Amino acid sequence: MSAPRHDFPVKASTDIYAGAVMALRSDEVVMPGGKVAVREILEHPGAVAIAALDADDRLMMIHQYRHAVRRRLWELPAGLLDVDGEDPLETAKRELAEEAGLVAADWSTLLDVVPSPGFSDESVRIYLARGITEVGRPDLGDDEESDLTTRWVSLSVAVRMVLSGTIVNAATVAGVLAAHVLSGAPTAARPADAAWPDRPTQFAERSRRK
């Protein structure tokens, strides 16, 4: 007989910091034995990433500076869900056009990733995009994205980049490997509007209250 499930109720919650793209709060959580433990939670707006494959099964990759690790990383085109009320698929389409200068005719859900559930509610939906047309990148201004470069990479090479440690971004690692698996069964992907139970909501609700 399995033990009864514990709901881990939150006894109290305290805001520590709220910024433009994240917030930090401290929760007092009741453990199964009755002890109250403090859990610091990073609230995230959520994000999307795009595994865009051309007719030759080449994957669009970007090489972009990430200040937290102080170097450029190979990644999939991606972006935060930072436009209030915007559907995640529309965010993905916008980011693919802005970062890679591409539009896609066919969209499906490749997978959802929760990178750091021990302390963050961040969830990333990774879309599979096919039927690619190049439209050119817009002027991105003078920020990190203006420095990014793009490259078409075959799936086999991308997999080797993951296994060699050249690709370390968590969502990109997952997206590359999933795209490689689905390359032989493209109809196995979920619909683009598939349910996303782990999509973060607290940061967006916090922003609306301002």
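Relevant structure appears above.
Every value quoted in this text rests on a predicted model; they were computed, and no experiment measured them.

**Q** I'm lost on helix α1 (residues 88–100) in this one. Help?
**A** Along an α-helix, residues three or four positions apart point the same way, because every turn accommodates 3.6 residues. With 13 residues, α1 ought to run about 18 Å at 1.5 Å a step, and its terminal C-alpha atoms sit 18 Å apart, in line with that. Its buried side turned inward, α1 meets β4 (47–52), β5 (58–66), β7 (78–80), β8 (102–113), β9 (124–134) and β10 (149–154). At the N-terminal boundary of α1, the capping side chain belongs to D87, with an oxygen 2.9 Å from the backbone nitrogen of L89.

**Q** Explain the sheet that holds strand β2 (residues 23–30) to me, please; I cannot follow it from the model alone.
**A** What links the strands of a sheet is backbone hydrogen bonding, and the strands pair in either a parallel or an antiparallel sense. Read from one edge to the other, the open sheet built from three strands follows the order β1-β2-β3, with strand pairing classed as antiparallel. Each edge of the open sheet is held by one strand with a lone partner, namely β1 (10–18) and β3 (36–43). Each strand of the sheet is rotated relative to its neighbour by a mean of 20°, with strand direction disregarded. Summarising the sheet, β1 and β2 pair through seven bridges and their orientation is antiparallel. Its bridge partner lying in β2, A12 is registered against E28. Contacts from helix α4 (residues 202–209) reach β1, β2 and β3 within the one sheet, and its direction differs from that of β2 by about 120°.

**Q** In this structure, what is going on with the environment of A51? I would like to understand it.
**A** Among the secondary structure elements, A51 is positioned in strand β4. Note: C-alpha distance between A51 and P9 (42 residues apart in sequence) is 38 Å. Excluding residues that lie within four positions of it along the chain, A51 makes contacts with L59, L76, L110, I126, Y127, L128 and A129.

**Q** Just to check I follow, could you spell out the packing of aromatic side chains for this structure?
**A** The geometry of two aromatic rings is summed up by the distance between their centres and the angle between their planes. Enumeration over the complete set of coordinates arrives at one aromatic pair. Plain terms: the ring middles of W107 and Y127 are 6.0 Å apart, the flat faces sit at 80° to each other, and that makes the pair edge-to-face. Taken together, the residues span a long stretch of sequence, with W107 in strand β8 and Y127 in strand β9 at a distance of 20 residues. Each of the two residues, W107 as well as Y127, counts as buried.

**Q** What am I meant to see in the pairing of β2 here?
**A** The side chains of a regular strand alternate between the sheet's two faces. Connecting the antiparallel pair β1 and β2 is a turn made up of four residues. Two elements, β2 and β3, share eight bridges in a ladder whose sense is antiparallel. From the neighbouring strand, V30 faces β3, where its bridge partner is V36. Counting the residues between successive antiparallel strands, the hairpin from β2 to β3 contains five residues, one of them, G34, with a positive phi of roughly 100°.

**Q** Teacher, can you tell me more about the sheet that holds β10 here?
**A** Pairing in this open sheet of three strands is antiparallel, and the strands run β6-β5-β10 from one edge to the other. A single partner strand is all that each edge strand has here, and the edge strands are β6 (71–75) and β10. Each strand axis lies, on average, 30° off the axis of its neighbour in the sheet, ignoring direction. In this sheet, β10 lies alongside β5 in antiparallel orientation, the contact comprising six bridges. Its bridge partner lying in β10, I62 is registered against T150.

**Q** What's the story with the pattern of salt bridges in this structure? I'm lost.
**A** One pass over the structure, following the stated rule, counts 15 salt bridges. Between R25 and E43 there is a salt bridge whose closest N-O contact spans 2.9 Å. With R25 in strand β2 and E43 in strand β3, this pair connects stretches of sequence that are 18 residues apart. With a closest N to O distance of 3.5 Å, D112 and R190 form a salt bridge. In this pair, D112 sits in strand β8 while R190 sits in strand β11 (residues 190–191), placing the two residues 78 residues apart along the sequence. R190 sits in the partly exposed class, given a relative accessible area of 32%.

Cut-offs and rules
Residues numbered from 1 in each chain as written. Predicted model: local features only at pLDDT ≥ 70, side-chain atom pairs only at ≥ 80, totals over all residues. Heavy atoms only, no water. Helix = DSSP H or I, 4+ residues; strand = E, 2+ residues; numbered from the N terminus. Expected span 1.5 Å × (residues − 1). Contact = heavy atoms within 4.5 Å. Polar contact = N/O pair within 3.5 Å; in protein donor to acceptor, adjacent residues only side chain to side chain. Pairing = 2+ DSSP bridges. Axes fitted to C-alpha atoms, helices over the stretch in contact; angles between N-to-C directions. Phe/Tyr/Trp six-rings, centres within 6.5 Å; stacked < 30°, edge-to-face > 60°. Buried < 20%, exposed > 50% of the residue type's maximum accessible area, 1.4 Å probe, protein only. Salt bridge = Lys/Arg side-chain N within 4 Å of Asp/Glu carboxyl O.

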